[in-house]
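# Per-entry structural report
So the chains spell out like this:
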Amino acid sequence: MQNSVISYPRIGALRELKFGVEKYFKGLSSKEELFSLAKTLRKTHFQTQKEAGIDYISCNDFSFYDNILDNANIFGVVAKRYKNLNLDPLDEYFAQARGYQGDKGDVKALAMKKWFNTNYHYLVPECDDISLIKLNAEKILNEYKEAKDLGIEAKVVVSGLFTFYKLINFINDTDKKEALTKLKSAYKELLNELNKAGVKWLQFDEPYLVYDLSSSDISLFNDIYKDLLHNKAGLKILLQTYFGDVRDIYDYLLKLDFDAIGLDFLEGKESLNLLKKGFDDKKILFAGVLNGKNIYKNNYKKTVSLLKEIQKYAKNLVINTSCSLLHSPYTIKNESKLDAKFLDYLSFAQEKLLELKDLKEILSSSDIENHPSYKINIELFSRENNRKNEAVSARIASLKDSDYVRKPAFKEREKIQKQLLSLPLLPTTTIGSFPQSADVRSNRLAFKQQKISATQYTEFNQTKIKECIKFQEEIGLDVLVHGEFERNDMVEYFGESLDGFLFTQNGWVQSYGTRCVKPPIIWADVSRSKPMTVSWSKFAQEQTNKLMKGMLTGPVTILNWSFPREDISTKESTLQIALAIRDEVLDLEKAGIKIIQIDEAALREKLPLRKSDWHSEYLNWAIPAFNLVHSGVKPETQIHTHMCYSEFSDIIKEIDAMDADVISFEASRSNLELLDTLKANNFQTEVGPGVYDIHSPRVPSVDELKNTIRAILEKLPKEQVWINPDCGLKTRGEKEVIQSLKNMSEATAQIRKEL
Ligand code: GLN
Ligand code: ZN
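Residues numbered from 1 in each chain as written. Chains lettered and ligands numbered in written order. Predicted model: local features only at pLDDT ≥ 70, side-chain atom pairs only at ≥ 80, totals over all residues. Heavy atoms only, no water.

### Brief notes about the environment of Leu275
Along the chain, Leu275 turns up in helix α11 (residues 271-276). For the pair Leu275 and Tyr313, spaced 38 residues apart in the sequence, the C-alpha separation amounts to 6.5 Å. (Helix = DSSP H or I, 4+ residues; strand = E, 2+ residues; numbered from the N terminus.)

So, in structure tokens, the structure goes:
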């Protein structure tokens, strides 16, 4: 029995790579310093895995920014605009990642997209010149050699050609067929080079296989691999999949000449059934049974019985992670504030290595029940750990269908609200947060470090709120916000105020490039012991005669941006959070807040990869969870929601079924087409398609904004439209925000006159 890791995180236990790369960006360190930092990190990561007794350790899983970007550079899929800059390779690489503005030119960065169902983002390779496609295996061979020098025979990890090809954005009239031919040769060349260098194992990552595949996808895959595998010579090839099962292509995988196949038995709910159809005894099965995405310890009893079942069908078995450990934080060793009673249950990347080691030993043992690690694990999972809150379960059990339905129906509420709120046509508002300037952050820090009192902390924020309101009044916005100065983050703030969450000091996970996030951990049943936002919103409303929006984060977003529990379902956890937020909504209403926004910024994030699972596995409970949050309010209370993207054409009915009164979303970049879809589907909810992009410091002019508003009004009835930026203003500078909002208000005023 052997074990394996699909890939290891590279950012460093204390985010050393992030800081090193950012230092280089700022011109504060040299290339040599950066390369040497990278080498040290790789060495640490190789050694950590070696010491933990991992049999298949990956190389080429390091990256300065993103491994799809690395793959694009290895195979010469680089847009001409970067080549034209004539930079040295590292700077050309970073120019693709972040754009370049300097003496050599001015080019924008590659687009960035969400990596499957994770919160990691990859750079979308662009191909506009196939003559550039050519192998440069230097990075791969270098990492292989580094591992070898440490006595490790590493497997080389490369993005499989099928997935890679599917992710490339071919520009204009680039000949895709010709590009594929050239890519195939480059991949063959890679096999050659690896053989020459004495590499034994090559892992092709093919996560795209877990999507619903069309018959042309299947032929493309077959075509690529029949050809490639012909050229493998002595090299052994592992076809690695993750994030789901490969039901559409399993039979073909068996027929192809792969030496090993990696399946995900956690997210791949059909994987075991596929295996039962048969496996090829000449192949090795890399069985993904250790969760690479979550932070809870593995339940050995469950995993051992799963592995025993798998063993019935596959003779040659390697115990594997379910996906790359890139999606896990590093180690619990740097968590000094979490109590041992919690730490006992946690396992980050480094601890997962030890679990792989345990599982390998346990499975090979003749007396499993008495294996020491097995016994410790059994004890852990049978321990009483107080995660259950009877009052919460009782409340969920007593929910009736009618609790998920807001009354009266939208059209009737709309009438009541229009009369009562007496807003002008095209009401203007913002999404909630105002710039978190340095003074706001240092006030929070000082409070956390107990350098100032709670009163001082609150008074400072109240001054900020007053200023923020004054500004909004001056420029004539219609629905005001308090500015969210008390919030570090829209999920963490609620996590910290609710019972049931844990927080780490260093549980960082790479989100993109040098950006990492530190998701809260849902540990126990979630409940609300006291109001979380009411005093701030009430204070803000008291400062103005205009309408003040109460601001909340919705349950699905809180769940999607946290590490979920494994002992109860996500649905159950989400309902618990929904009930807590529901209580907050009702308290805000009681405090006199007439408009309440419940952000579902990340609703789309965990939409299953296969369309056939969208409803049964997700939307059927996610949408009702949102309904539950606001179904208890009076007809005159206006409920808003906000989403951080505009791709919801395909779930438009479900979004309407959230039954909010107003929804704002991102539409400023191009997605005005979505408005056609809204119209075609007779979308009821009032909409605020963001009129400018807050992700850039650029200030839109009055004329530009007027054009955008006109374009919106061409598609939607004026009574249905709200005017707002496309997201919160937290990350922006004060100066540009002031000017942009002034222009937005002015543009709206001018358009109103035309109507
Ligand atoms: N209300 C939040 C804010 O303005 C929403 C942020 C978001 O959608 N990401 O910051
Ligand atoms: Zn947003």
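### Comments concerning the pattern of salt bridges
According to the stated counting rule, one finds 59 salt bridges in the structure shown. A salt bridge links Glu92 to Lys83; the nearest nitrogen and oxygen atoms lie 2.9 Å apart. Exposure remark for Lys83: the relative accessible area of 32% places this residue in the partly exposed category. Across the pair Lys448 and Glu496 runs a salt bridge, and its minimum N-O distance is 3.7 Å. Placement of the pair is Lys448 in helix α18 (residues 438-448) and Glu496 in helix α20 (residues 492-497), with a sequence separation of 48 residues. Glu496 gets classed as partly exposed once you look at its relative accessible area, which sits at 38%. If you follow the salt bridges from partner to partner, you end up with Asp212, Asp245, Arg247, Asp248 and Arg610 in one network. (Salt bridge = Lys/Arg side-chain N within 4 Å of Asp/Glu carboxyl O. Buried < 20%, exposed > 50% of the residue type's maximum accessible area, 1.4 Å probe, protein only.)

### Describing the state of the cysteines
Enumeration over the complete set of coordinates arrives at 0 disulfides. Free cysteine: Cys59, not disulfide-bonded; nearest cysteine sulfur from Cys323 at 19 Å. Here Cys516 stays unpaired: no disulfide links it, and the sulfur of Cys323, its closest cysteine neighbor, is 16 Å away. (Disulfide = S-S within 2.5 Å.)

### A look at α18
At 3.6 residues per turn, the α-helix brings residues three or four places apart onto the same side. Inspection of α18 places Val440, Asn443, Arg444 and Ala446 among the buried residues, and these make up the whole buried set. Taken down its axis, α18 places every buried residue within 160° of arc, on the same side. Of the residues in α18, the exposed ones pointing more than 90 degrees away from the buried face are Ala438 and Lys448. For α18, the elements touching its buried residues are α19 (454-474). (Arc of directions from axis to C-beta. Contact = heavy atoms within 4.5 Å.)

### Examining the coordination of the zinc ion (ligand 2)
Taken together, His642 (NE2), Cys644 (SG) and Cys727 (SG) make up the full set of protein donors to the zinc ion (ligand 2), lying 2.1 to 2.2 Å away. The coordination sphere of the zinc ion (ligand 2) comprises 4 donor atoms, whose angles at the metal cover 80 to 125°; the geometry is irregular. In terms of primary sequence, the donors binding the zinc ion (ligand 2) are separated according to H-x1-C-x82-C. Given the relative accessible area of 25%, Cys644 is considered partly exposed. (Donors = N, O, S within 2.8 Å, 3.2 Å for Na, K, Ca; no water. Tetrahedral: all angles 85-135°; square planar, octahedral: opposite > 155°, others 65-115°.)

### What to know about unusual backbone geometry
The step from Lys407 to Pro408 runs through a cis peptide bond, and the omega angle for that step is -10°. Structurally, the position occupied by Pro408 is in the loop between α16 (390-397) and α17 (410-421). Backbone geometry places Phe243, a non-glycine residue, at a positive phi of 75°. Structurally, Phe243 can be placed in the loop between β11 (236-240) and α10 (250-255). Phe243 gets classed as buried once you look at its relative accessible area, which sits at 3%. Of note in the backbone geometry, Asp659 takes a positive phi value of approximately 60° without being a glycine. Here Asp659 lies in the loop between α25 (652-657) and β23 (662-665).

### A few points about the sheet that holds strand β12 (residues 260-264)
Backbone hydrogen bonds are what pair the strands of a sheet, in a parallel or an antiparallel way. The strand order across the open sheet formed by 8 strands is β1-β14-β13-β12-β11-β10-β8-β2, and the pairing between neighbours is parallel. If you trace the sheet from one side to the other, it starts and ends with β1 (2-4) and β2 (58-59), each paired once. Of the pairings in the sheet, the one linking strand β8 (residues 155-159) to strand β10 (residues 201-205) comprises 4 bridges and is parallel in character. Following the sheet pairing, Ser159 is matched in β10 by Asp205. (Pairing = 2+ DSSP bridges.)

### A word on the site of ligand 1
Close to ligand 1 lie Ile431, Gly432, Ser433, Glu484, Met490, Met551, Asp599, Ala601, His642, Cys644, Cys727 and Gly728, which account for all nearby residues. Ile431 is positioned with one of its backbone polar atoms (N or O) 3.1 Å from a nitrogen atom of ligand 1. Note that a nitrogen atom of ligand 1 is positioned 3.0 Å from one of the side-chain N or O atoms of Glu484. Here ligand 1 has 300 Å² of accessible area as a free molecule, and 90% of this is covered by the chains. (Near = heavy atom within 4 Å. Polar contact = N/O pair within 3.5 Å; in protein donor to acceptor, adjacent residues only side chain to side chain. Areas by Shrake-Rupley, 256 points an atom, 1.4 Å probe, with all protein chains shown as cover.)

### Remarks on the packing of helix α2 (residues 31-51) against helix α6 (residues 138-149)
Two numbers describe how α2 lies on α6: the axes approach to 10 Å, and their chain directions differ by 55°. Of the possible angle classes, the one that applies to α2 and α6 is oblique. Both α2 and α6 take part in a crossing whose hand is right-handed. Contacts between α2 and α6 involve Lys39, Arg42 and Phe46 from the first element and Asn142, Glu143, Glu146 and Ala147 from the second. Of the residues that constitute the contact of α2 with α6, the class distribution is 2 nonpolar, 1 polar and 4 charged. (Axes fitted to C-alpha atoms, helices over the stretch in contact; angles between N-to-C directions. Parallel < 35°, antiparallel > 145°, perpendicular 65-115°, else oblique. Left-handed = near helix turned anticlockwise from the far one by under 90°. Nonpolar A, V, L, I, M, F, W, Y, C, P; charged D, E, K, R; others polar.)

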